[in-house]
Amino acid sequence: MALFRFRTRNPERDRLSDATRFLSIKRAIRDVVAETERERDGFRRRYDDASVNAAFSFENMENEGETEKVSAQVDNLTQALTRFSQRIDFLEKQMAFMQEMDEAITTFENANGLGQVEPKSD
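Criteria and thresholds
Residues numbered from 1 in each chain as written. Predicted model: local features only at pLDDT ≥ 70, side-chain atom pairs only at ≥ 80, totals over all residues. Heavy atoms only, no water. Phe/Tyr/Trp six-rings, centres within 6.5 Å; stacked < 30°, edge-to-face > 60°. Helix = DSSP H or I, 4+ residues; strand = E, 2+ residues; numbered from the N terminus. Buried < 20%, exposed > 50% of the residue type's maximum accessible area, 1.4 Å probe, protein only. Lys NZ or Arg CZ within 6 Å of the ring centre and 35° of its normal. Axes fitted to C-alpha atoms, helices over the stretch in contact; angles between N-to-C directions. Parallel < 35°, antiparallel > 145°, perpendicular 65-115°, else oblique. Left-handed = near helix turned anticlockwise from the far one by under 90°. Core = buried A, V, L, I, M, F, W, Y, C linked by side-chain atoms within 4.5 Å. Salt bridge = Lys/Arg side-chain N within 4 Å of Asp/Glu carboxyl O. Expected span 1.5 Å × (residues − 1). Polar contact = N/O pair within 3.5 Å; in protein donor to acceptor, adjacent residues only side chain to side chain. Contact = heavy atoms within 4.5 Å.

### Observations regarding the packing of aromatic side chains
Argument step 1. In the structure shown here, the tally under the stated rule is 2 aromatic pairs.
Argument step 2. Seen from their ring centres, phenylalanine 22 and phenylalanine 108 are 5.3 Å apart, and the 45° between their planes marks the pair as tilted. With phenylalanine 22 in helix α1 (residues 11–64) and phenylalanine 108 in helix α2 (residues 68–111), the pair connects residues that are 86 residues apart, well separated along the chain.
Argument step 3. On the basis of relative accessible area, phenylalanine 22 is assigned to the buried category, the value being 17%.
Argument step 4. Cation over ring: arginine 46 sits above phenylalanine 43, and NZ or CZ is 4.4 Å from the ring centre.

Here's what the structure looks like:
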């Protein structure tokens, strides 16, 4: 009779499980970075459009004299440019943070022997 008979898992199976877990996290981070890049690019396009509109409005003000309507439009565009710029800056900070996390995970994987493991596919 075998008392106290314990079975342990194969260490390679543990390494594969760990590598798969970290790969899942890295994929999620990379998806968030890609999503954030798309949002940033959209804000950059809107910023460029608002800049062009502001320039034309300002030129119109100079050529035809300042009117309340055009002046208000320039003010609105200036505020929009400020908001777009702030959002773009914050999105870039988010992307840098996520990329640092990705690099930290890679460093952790390499330091713990997981960097060369081929994880299971999802």
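Having seen it, we continue.
### A short note on the environment of phenylalanine 56
Argument step 1. One can find phenylalanine 56 in helix α1.
Argument step 2. Taking relative accessible area as the criterion, phenylalanine 56 reaches 53% and is therefore assigned exposed.
Argument step 3. For the pair phenylalanine 56 and valine 74, spaced 18 residues apart in sequence, the C-alpha separation works out to 9.3 Å.

### Some thoughts on the packing of α1 against α2
Argument step 1. Contact geometry for α1 and α2: axes closest at 8 Å, N-to-C directions at 160°. Put simply, α1 runs roughly antiparallel to α2. At the point where α1 passes α2, the crossing takes the left-handed sense.

### A closer look at the nonpolar core
Argument step 1. With 9 residues, the main nonpolar core is built from Phe43, Ala50, Ala54, Leu77, Ala80, Leu81, Phe84, Ile88 and Leu91.
Argument step 2. For this core, the element with the highest residue contribution is α2, accounting for 6 residues.
Argument step 3. Listed in part, the 6 residues of the second largest apolar core include Phe22, Ile29, Val33 and Met95.

### Some words on the pattern of salt bridges
Argument step 1. Throughout the structure, instances matching the rule amount to 8 salt bridges.
Argument step 2. With a shortest N-O distance of 2.6 Å, aspartate 14 and arginine 9 are connected by a salt bridge.

### A few points about α1
Argument step 1. The first and last C-alpha atoms of α1 sit 79 Å apart over 54 residues, in line with the 80 Å expected at 1.5 Å per residue.
Argument step 2. The opening residue of α1, the one whose side-chain oxygen lies 2.7 Å from the backbone nitrogen of glutamate 12, is asparagine 10.
Argument step 3. Taken from the residues just after α1, glycine 65 is the one with a positive phi, measuring 90°.

### Topic: the side chain of glutamate 109
Argument step 1. Mapped onto the elements, glutamate 109 comes out in helix α2.
Argument step 2. Note on glutamate 109: relative accessible area 8%, which makes it buried.
Argument step 3. The residues contacting glutamate 109, other than those within four sequence positions of it, are Phe22, Leu23, Lys26, Leu114 and Gly115.

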